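# Close look at the chain arrangement
Residue-level listing of the chains:
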Amino acid sequence: MNLVSHLAQRLLRLPPPITRDVEVTRDVPVTMPDGGVLLADHWRPAGAALPTLLIRTPYGRKGFGGLFARVCAERGFQVVIMSVRGTFGSVGDFRAMRHERADGLATIEWITEQPWFDGTLALAGPSYLGYTQWSVAAGAPPQVKSMVPHVTSSRLALAFLPRGGFGLDTSLRWSVATARQERRFKGYREKSVREAMNSLPMGEADLRVLGERWPFYQDCVHHDNEDSFWKEWDHSPSVGEVTVPASLVAGWEDIFLADQIADFVALREAGRDARLVIGPWQHGSLAGFGVAARETVEWSGAHCRGEEPPRRARVRLFVVGAEEWRHYDTWPPEGYGARDWHLHGGGALSTAAPRAAEPSRYRYDPADPTPSVGGPMLTRRGAGRKDNRALEARSDVLTFTTEPLAEDLESVGEVGARVWLRSSRPDTDVFVRLCDVSPRGRSVNVCDGLVNVRPDGVTRVEVALTPIAYRFPRGHRLRVQVSSGAHPRFARNTGSGEHHAVARELFAADQEVLHDPEHPSAITLPCPAGG
């Protein structure tokens, strides 16, 4: 194990351990108030009493979970890593998010009653493990001294469900992975997942891959973003009530980026002790995990010891393109103002007001849906910044491009778009993407967003794109794409007006994007004030 310990220290750029002499007690039973027994491993360094780190996970206590527990135990924590209900020996069936608050609070109470507990507790972990932190954060007992939510969200599943849309790729892949993770032979192939995503109705995609309906997938495909179904498991309304100091670690290419920023803003508006790091990372990035691990060891460790944590600005951002870290006091940072870049006839994009022009037109055919290319996704397959030229050559993608920039343009903050749309169908989607085009013509995605629309004549459509910290170099051009999908990242809109869970028929949509003085379609970027 020392070899693993040394390798982890090097790869994650961790500080040297206090000790590598760590013992672990496996399969410790923890009884919940309803009588159910959940299993945990207790990692304990040799020596004096130490603060406890709680990690609750659906992915097992070995592998990544065991490595995380070890590196933290070697650096000043005893660690309780627990398998959530219905996973890896813990009682019951796994129902994502359903039991995390009750079970998490009961686990914290159990820890505080143990003879080895020193009176201080911290919470940590990425993704679903971060959601288990948010589940207990509001109203947590005073023994909880800190939390480090990493690439996660206080309203986890809702991040898969844009306004009226459905994050098909993420919902199905995560459902398949969790359904099969404890089976020796997983029993599915990548080809079967792709075929299921391209089949109808979408409410049966899990059945095609798994041979059974998986509860989480069914929840996501049948219940939209604004459905009251999610209310009990959406902890975002109570984020402002969280008094536990929180250090959030996010990635510019992570699916939970916008949610993590919203959680940070809610904490700061409530006057809470919170800080935020956003790096150039995708979900599952080793570099991002290393930063979160260091935050857990250094920042949470200091809070648990009653010491002053290392000082730095509350907001630390990596500016892509500039390739450097910046430090700010707030989000969005001061010094940037909203500037409209208007869509023009002929495919132009500029800050000049639009003139009279015919609408730009395209035909969206769900039988040949506009494909997804790059962008934030749960798995790293096909995710991130990609060359969009082949996508932009399609007839169902409009592009609007600036002249080459006369000087560098740095944009840090929130991004939005408004698109004036007329559609031949009563139900459609609008997908907007911002790209950076090099002098050689390579078009790389920077940020994007999708929204479902039920048009009524000419309709103003507001699209929230993911936030950015990006420098467009001199000589490069900005490009905005407008289309009606990014399948299978987002499930294709069938055009039928039926709910995507049950729709079987496909109807092509003739789309018009208006860009004239009465209908000023534009993307709004945060640009240097006065620049």
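Whatever comes next refers back to the structure up there.
Described below are features of the structure shown in this document. Please read all numbers here as calculations on a predicted model, not as lab measurements.

Here we have four strands laid out as an open sheet, ordered 14-19-16-17, and antiparallel in their pairing. In this open sheet, the two edge strands, each paired with only one partner strand, are strand 14 (398–401) and strand 17 (443–453). Sheet twist, expressed as the average angle between the axes of neighbouring strands with direction ignored, equals 15°. Relative to strand 19 (residues 477–483), strand 14 is paired through four bridges, and the arrangement is antiparallel. Looking at the pairing, Thr399 lines up with Gln481 of strand 19.

Turning our eyes to something else, we now look at the pairing of strand 8 (residues 274–282). Within strand 8, eight of the nine residues are buried, which leaves it mostly tucked inside the rest of the structure. One ladder, built from seven bridges, connects strand 7 (residues 246–253) with strand 8; its direction is parallel. The residue of strand 8 that forms the bridge with Ala246 is Ala274. For the crossover from strand 7 across helix 9 (residues 257–269) to strand 8, the handedness is right-handed. Inspection of the sheet shows strand 8 paired to strand 9 (residues 315–319) by three bridges, in the parallel sense. By the bridge assignment for strand 9, Ile278 is matched with Leu317. Taken together, strand 8, helix 10 (residues 286–305) and strand 9 constitute a β-α-β crossover, and its handedness is left-handed.

A few words now on empty space enclosed by the protein. Here the idea is plain: a probe the size of a water molecule rolls over the atoms and shows the empty space left. One pass over the structure, following the stated rule, counts six cavities of 30 Å³ or more. In this structure, the largest cavity occupies an estimated 80 Å³ of space. Of all the elements in the fold, those that place two or more residues in the lining of the largest cavity are strand 7 and strand 17. The element that contributes the greatest number of residues to the lining of the largest cavity is strand 17, accounting for four residues. Of the residues contributing to the lining of the largest cavity, the split by class is four nonpolar, four polar and three charged.

Counting buried positions along helix 2 (residues 64–73) gives eight out of 10 residues, so the element sits mostly inside the fold. Listing the buried residues of helix 2 in full gives Gly65, Gly66, Phe68, Ala69, Arg70, Val71, Cys72 and Ala73.

The next point concerns the nonpolar core. Counting residues in hydrophobic clusters, the biggest one holds 80 residues, and the most contacted among them are Trp252, Val430, Leu434, Leu465, Val482 and Ile523. In contact with Val482, other than residues within four places in its own chain, are Leu343, Tyr362, Asp396, Val397, Leu398, Phe400, Val419, Phe431 and Val513.

What follows deals with the environment of Phe68. Along the chain, Phe68 turns up in helix 2. Sequence separation of Phe68 and Ala258 is 190 residues, and the distance between their C-alpha atoms is 26 Å. Excluding its chain neighbours within four sequence positions, the residues that come into contact with Phe68 are Ile55, Ala124, Gly125, Phe289, Ala293 and Thr296.

Enumeration according to the criterion identifies zero disulfides in this entry. Lacking any disulfide linkage, Cys447 is separated from the closest cysteine sulfur, that of Cys435, by 8.9 Å. Left unpaired, Cys527 is separated from the closest cysteine sulfur, that of Cys447, by 12 Å.

With that out of the way, let us pick up the packing of aromatic side chains. Considering all chains together, one arrives at 19 aromatic pairs under this definition. For the pair Phe431 and Phe490, a centre-to-centre distance of 6.3 Å together with 55° between the ring planes defines the contact as tilted. Placement of the pair is Phe431 in strand 16 (residues 428–437) and Phe490 in the loop between strand 19 and strand 20 (509–514), with a sequence separation of 59 residues. Residue Phe431 is classed as buried on the basis of its relative accessible area of 2%. A residue is classified by how much of its surface remains accessible, and Phe490, at 11% relative accessible area, is buried. Within the aromatic cluster, the residues linked to one another by ring pairs are Phe94, Tyr128, Tyr131, Phe160, Trp174, Phe216 and Phe256. The residue whose ring lies beneath Arg316 is Trp325, and the NZ or CZ to ring-centre distance is 4.0 Å.

Here the largest pocket is characterised by a volume of approximately 720 Å³. If you go around the largest pocket, you meet 32 residues; those closest to its centre are Ala159, Pro162, Ala258, Ala464 and Thr466. Contributions of two or more residues to the lining of the largest pocket are made by helix 9, strand 15 (409–423), strand 17 and strand 18 (459–472). Residue contributions to the lining of the largest pocket peak at six residues, all from strand 18. Of the residues contributing to the lining of the largest pocket, the split by class is 19 nonpolar, five polar and eight charged. Estimates place the volume of the second largest pocket at around 480 Å³. Along the lines of polarity and charge, the residues of the lining of the second largest pocket split into nine nonpolar, seven polar and one charged.

What counts, and at which threshold
- Residues numbered from 1 in each chain as written.
- Predicted model: local features only at pLDDT ≥ 70, side-chain atom pairs only at ≥ 80, totals over all residues.
- Heavy atoms only, no water.
- Pairing = 2+ DSSP bridges.
- Helix = DSSP H or I, 4+ residues; strand = E, 2+ residues; numbered from the N terminus.
- Axes fitted to C-alpha atoms, helices over the stretch in contact; angles between N-to-C directions.
- Buried < 20%, exposed > 50% of the residue type's maximum accessible area, 1.4 Å probe, protein only.
- Right-handed = clockwise from strand over helix to strand, strands pointing away.
- 1 Å grid on protein atoms, 1.4 Å probe; cavity = no way out; pocket = protein on both sides within 12 Å on 5 of 7 lines; lining within 4 Å.
- Points joined across faces, edges and corners; volume = space filled by probe spheres on them.
- Nonpolar A, V, L, I, M, F, W, Y, C, P; charged D, E, K, R; others polar.
- Core = buried A, V, L, I, M, F, W, Y, C linked by side-chain atoms within 4.5 Å.
- Contact = heavy atoms within 4.5 Å.
- Disulfide = S-S within 2.5 Å.
- Phe/Tyr/Trp six-rings, centres within 6.5 Å; stacked < 30°, edge-to-face > 60°.
- Lys NZ or Arg CZ within 6 Å of the ring centre and 35° of its normal.

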